[in-house]
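What the coordinates show
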Amino acid sequence: EEQEEDVLRELRLFLRNLTERLMVDRRFKAFTKPVDIEEVPDYLMVIQKPMDLSTLLYNIDEHKYVTVDEFLSDADLIWQNALEYNPDRDPADRHIRHRACALKDTMRVIIRDELDKDFQRICEEIRESR
Ligand SMILES: COC(=O)[C@H](Cc1ccco1)c1ccncc1
């Protein structure tokens, strides 16, 4: 009903704000757009589910996410893919893996510090009811 749509509207506002704050962080520039398949022709042979911050924003506006955990399932792909595709000891791989770990930690700290636990539970109740 209407109260449920009010809750999901507020979730989308929180998720957009979180995603936009990550997009403007210079550490996360490599994560803002899909990996360029022309630049990296073997990327889709290694990574089954590409994900990036601009695609998260698109999904939010498409009302894909009813809970924070559904959003995190996609958001986690960004850093997981980076760790998987860039595993070597060389400095370039180590640099993108360091940034991937910073993305993972930054996201979770913002959610823990800024998302009300009761609000999260209400979203989960809406998901279970549908
Ligand atoms: C999330 O970004 C990536 O996984 C690409 C992979 C990549 C390899 C070559 C070109 O791009 C990346 C970008 C910047 N620095 C390291 C790796």
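The structure this text deals with has already been given above.
Just so it is clear, the structure is predicted and the values come from calculations on it, not from any experiment. Positions within a chain are numbered from 1, following the residues in the order the chain's sequence is written. Reporting in this predicted model follows two pLDDT cut-offs: at least 70 for local features of residues, and 80 or more for side-chain atom pairs to be given and counted; totals over whole chains, interfaces and linings ignore these cut-offs and use all residues. With hydrogens and water stripped out, all remaining heavy atoms of the structure feed into the side-chain values.

1. A few points about the pattern of salt bridges
We count it as follows: Any carboxyl oxygen of Asp or Glu that lies within 4 Å of a side-chain nitrogen of Lys or Arg is treated as forming a salt bridge with it. Secondary structure elements are defined from DSSP: runs of H or I of at least 4 residues count as helices, runs of E of at least 2 residues count as strands, and each element is numbered from the N terminus.
The full count for this structure, using the stated rule, is 12 salt bridges. With a shortest N-O distance of 3.1 Å, Glu-4 and Arg-130 are connected by a salt bridge. Taken together, the positions of Glu-4 in helix α1 (residues 2-23) and Arg-130 in the segment after α6 (117-128) put the pair 126 residues apart, joining distant regions of the chain. When the shortest N-O distance is used, the salt bridge between Asp-61 and Arg-16 registers 2.6 Å.

2. Here's the deal with the packing of α1 against α6
The condition that has to hold: For every element, the axis is a line fit to its C-alpha atoms; helices are fit only across the contacting stretch, and the angle between N-to-C directions ranges from 0 to 180 degrees. Note on angle classes: values under 35 degrees are labelled roughly parallel, values over 145 roughly antiparallel, values of 65 to 115 roughly perpendicular, and the remainder oblique. Left-handed describes a crossing whose near helix is turned anticlockwise from the far helix by less than a right angle; the clockwise case is right-handed. Two residues qualify as a contact provided that any one of their heavy atoms is within 4.5 Å of a heavy atom in the partner residue. Residue polarity is assigned by list, with Asp, Glu, Lys and Arg as charged and Ala, Val, Leu, Ile, Met, Phe, Trp, Tyr, Cys and Pro as nonpolar; anything else, Gly included, falls into the polar class.
Running from amino to carboxyl end, α1 crosses α6 at an angle of 125 degrees, the nearest separation of the two axes being 10 Å. Relative to α6, the element α1 is oriented oblique. For the element pair α1 and α6, the recorded crossing hand is left-handed. For the pair α1 and α6, the contacting residues are Glu-4, Val-7, Leu-8, Glu-10 and Leu-11 in the first and Phe-119, Ile-122, Cys-123 and Ile-126 in the second. Of the residues contributing to the contact of α1 with α6, the split by class is seven nonpolar, no polar and two charged.

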